[in-house]
Amino acid sequence: MPTGGRRLAILSFSSGEYDARSFRVARSAVAEGYAVTLYARWAPGLPVDETRDGYRIVRVDSTWRLAVPWMRKAARARWPACVAANVPTPGSPSAAGASSRTSASGRPDGWRGSPLLAPVRRVRSKLRQWRSLLYTFPLRPMGWAVALEDACEPADIWHGMWAGSLPALVRMRRRHGGKAIYDSRDVYMLSREYSTLEWPIRPVLVALERRWAHRVDQVITVNEACADLIAKQLRVPRPLAVMNTPERWTPPRPPPDRIREALGLSSTTSVVLYQGQLNTDRGIEQAADAVLTIPGATLVLLGFGPREERYRAMTLETPYVGRVYHLPAVPPAELLTWTASADVLVMAIQPTSTNHELATPQKLWEALAAGVPVVASDLPGMAEVVRETGAGYLCDPTSPPSIAAALCQILEAAPEERAALRQRALRAAHERYNWETQAEILLEAYAGLASGTAGDPR
């Protein structure tokens, strides 16, 4: 047991299966002498309590109804049974399912398809979008925060991951004391659907995130550009940048070939890898179309997410069958060996939000750590890193021909140039872009909070 009574609680509003940043934070804190507990959301098939790498993971089930005071008593009576029975939480969209009155053509059936009702359908569609987004933030996080009251133990430092942790971060700090860090892993209210929300919903959510952020002791984020913008968005002191980089790693020689082995591909097949969340605006469709124009190349999607079923189905459709493949997500501890099996990693993230434009996604750092050249969107966040390291090429992510041209610069390069690209990637990871360097910054912030030099809650 670590000495000194230093207790760290990481609040990861995820299932705690693939949250590599939380795992890295936990390992570094354990090595520094902290007693660490990572609190996550329970999901069917996952243990409620487990120990990993010297820290504890506690998963707590919840329902959005816990966020509503007059529904709380009934919800508390029902939600513990969900953990024991391994069934979806009552009242969640995944458990409730959805009914649809549509014809075989996919259009509303009968009189409901009348053009006269088009305005009504638009309003209903907008209300459904609002309901879905409000469920994601803040209702479900607020319900999880209430559920944590029966599971959380006191801590000296509370480290909350992304906006979904904010209600719990503020609630646990108020209940148990200690210091709180909000780890804003993106500019949440400028991401995807939230960036296009209309009045009155968006101003309310922006104000809510800002109000909660003002109740923590320190805000951190993943790069300097995001730090500048978050300071303005949340009206807080400029956040500390702690990049989301993996630990230093040296690929084995010869490099692993796990992707070709798993898919039964020829040794002459060029593997273009997309890894990470399978969702919209990630450039997956554009990368797939680009690969179709490159002889001998295949696109491999490694990951999970809201559109996993759609992309898995795409791999069986013409013209993508035999050219695009899907592999399920792998544990973070194994990810670099899979990444190192690729010839190039593609990140054609679409310029659909400010958050995307400033992003330095984890997959970028993982490519460098594995010594794999990259093709990335020519957007401010990623472009700066790619140009500085010389570890790949930039593209217009909206244009499959531009993506294909950048991929060909790597795949058709002479062996010595491809080797040089790999060496530049590894050198950048070993010298600068690694977790060992970032952990020192984070642990200094922890020490500053403990000593009171990091400031008081606003």
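Residues numbered from 1 in each chain as written. Predicted model: local features only at pLDDT ≥ 70, side-chain atom pairs only at ≥ 80, totals over all residues. Heavy atoms only, no water.

Turning next to the side chain of Arg210. Within the element layout of this structure, Arg210 appears in helix α6 (residues 201-213). At 7.7 Å, Glu209 is the nearest oppositely charged side chain to Arg210, a buried residue that forms no salt bridge. Among residues more than four places away in sequence, those in contact with Arg210 are Gln233, Leu234 and Arg235. (Helix = DSSP H or I, 4+ residues; strand = E, 2+ residues; numbered from the N terminus. Buried < 20%, exposed > 50% of the residue type's maximum accessible area, 1.4 Å probe, protein only. Lys, Arg positive; Asp, Glu negative; His and termini not counted. Salt bridge = Lys/Arg side-chain N within 4 Å of Asp/Glu carboxyl O. Contact = heavy atoms within 4.5 Å.)

Our next topic: the packing of helix α9 (residues 284-291) against helix α15 (residues 400-411). Orientation of α9 relative to α15, taken along the N-to-C sense of each, is 65°, at an axis distance of 8 Å. Where α9 crosses over α15, the two elements pack in a sense that is right-handed. Residue-level contacts link Gln286, Ala287, Asp289, Ala290 and Val291 of α9 to Pro400, Ile403, Ala404 and Leu407 of α15. Grouping the constituent residues of the contact of α9 with α15 by class yields seven nonpolar, one polar and one charged. (Axes fitted to C-alpha atoms, helices over the stretch in contact; angles between N-to-C directions. Left-handed = near helix turned anticlockwise from the far one by under 90°. Nonpolar A, V, L, I, M, F, W, Y, C, P; charged D, E, K, R; others polar.)

Given a rise of 1.5 Å per residue, twelve residues ought to cover 16 Å, and the 16 Å separating the end C-alpha atoms of α15 matches this to within 8%. Those residues of α15 that fall on the buried side of the exposure criterion are Ile403, Ala404, Ala406, Leu407, Cys408, Ile410 and Leu411. (Expected span 1.5 Å × (residues − 1).)

This next bit is on the environment of Pro251. Inspection of the secondary structure assignment puts Pro251 in the loop between β8 (240-241) and α8 (258-263). Judged by relative accessible area, Pro251 falls into the buried class, the value being 16%. In this structure the C-alpha to C-alpha distance between Pro251 and Gly371, which are 120 residues apart in sequence, comes to 7.4 Å.

Turning our eyes to something else, we now look at the confidence of the model for the chain. Here the chain averages 88 in pLDDT, while 87% of its residues score no lower than 70. The low-confidence segment residues 81-108, where pLDDT is below 50, has 35 contacts with residues more than four positions distant or belonging to other chains. (pLDDT = per-residue confidence, 0-100.)

Moving on to the sheet that holds strand β2 (residues 35-41). Whether parallel or antiparallel, the strands of a sheet pair through hydrogen bonds between backbone atoms. Across the sheet, eight strands lie side by side as β3-β4-β2-β1-β5-β6-β7-β8; this open sheet has mixed pairing. Among the strands making up the open sheet, the edge pair consists of β3 (49-52) and β8. Where strand β1 (residues 7-12) and β2 come together, five bridges link them in parallel fashion. Counterpart to Leu11 in the pairing with β2 is Tyr39. Strands β1, β2, β3, β4 (55-60), β5 (157-161), β6 (179-184) and β7 (218-221) of the sheet are contacted by helix α1 (residues 20-31), whose axis makes an angle of about 175° with β1. (Pairing = 2+ DSSP bridges.)

Another aspect to go through is the pairing of β1. Two faces, one strand: in a regular strand the side chains alternate between the faces of the sheet. Of all six residues making up β1, five are buried, and the element is well covered by its neighbours. Of the crossover connections in this fold, the one passing from β1 over α1 to the parallel β2 is right-handed. Pairing of β1 with β5 involves five bridges; the strand directions are parallel. Paired with Ser12 across the two strands is Met161, which belongs to β5. (Right-handed = clockwise from strand over helix to strand, strands pointing away.)

The next subject is unusual backbone geometry. Note that the residue after Phe137, namely Pro138, is joined by a cis bond; omega there is 20°. Looking at the element boundaries, Pro138 is found in helix α4 (residues 118-148). A cis amide bond links Arg253 to the next residue, Pro254, at an omega of -5°. Within the chain, Asp281 stands out as a residue other than glycine whose phi angle is a positive 65°.

Turning next to the pattern of salt bridges. Scanning all chains against the criterion turns up 25 salt bridges. For Arg56, the salt bridge is made with Asp49, and the minimal N-O distance between the two is 2.6 Å. In this structure, Arg432 and Glu388 form a salt bridge, with 3.2 Å as the shortest nitrogen-oxygen distance. Here Glu388 lies in helix α14 (residues 380-389) and Arg432 lies in the loop between α16 (415-431) and α17 (435-451), a separation of 44 residues in the sequence. The class of Glu388 is partly exposed, set by a relative accessible area of 45%. Here the salt bridges do not stand alone but share partners, grouping Asp257, Arg260, Asp343 and Arg418 into one network.

Of all eight residues making up α9, six are buried, and the element is well covered by its neighbours. Inspection of α9 places Ile284, Gln286, Ala287, Ala288, Ala290 and Val291 among the buried residues, and these make up the whole buried set. On its buried side, α9 packs onto β9 (270-275), β10 (297-302), α10 (308-314), β11 (324-327), β12 (344-347) and α15.

With parallel pairing, the six strands of this open sheet are ordered in space as β11-β10-β9-β12-β13-β14. Looking at the sheet topology across the chains shown, the edges are occupied by β11 and β14 (392-395). Each adjacent strand pair in this sheet contributes to an overall mean axis angle of 25°, direction not counted. In this sheet, β11 lies alongside β10 in parallel orientation, the contact comprising four bridges. Across the sheet, Leu299 pairs through a bridge with Val324, a residue of β11. Across the face of the sheet, α9 comes into contact with β9, β10, β11 and β12 while running at roughly 160° to β10. Most of the contacts of helix α13 (residues 362-370) go to β12, to which it runs at about 165°, and overall it touches β9, β12 and β13 (374-377).

The next thing to look at is the nonpolar core. The biggest cluster of nonpolar side chains holds 70 residues, and the ones touching the most others in it are Leu8, Leu11, Leu148, Trp158, Tyr182 and Tyr446. Residue contributions to this core peak at seven residues, all from α4. Look past the residues within four positions of Leu11 in its chain and what remains in contact with it is Tyr39, Trp144, Leu148, Cys152, Trp158, His159, Gly160, Met161, Ser165, Ala168 and Leu169. In terms of nonpolar packing, the next biggest core, distinct from the first, is built from 34 residues, Met243, Ile259, Ala370 and Val374 among them. (Core = buried A, V, L, I, M, F, W, Y, C linked by side-chain atoms within 4.5 Å.)

The subject of this paragraph is the environment of Thr354. Tracing the sequence through the fold places Thr354 in helix α12 (residues 354-358). Accessibility expressed as a relative area gives 32% for Thr354, which makes it partly exposed. In the structure, Thr354 is positioned 166 residues away from Tyr188 in sequence and 9.8 Å away in space, judged by C-alpha atoms.

Moving on, we come to the environment of Thr136. Relative to the helices and strands, Thr136 is located in helix α4. Residues Thr136 and Trp64 lie 72 residues apart in sequence; the distance between their C-alpha atoms is 9.3 Å. Aside from chain neighbours lying at most four places away, what touches Thr136 is Pro141, Tyr188 and Tyr194.

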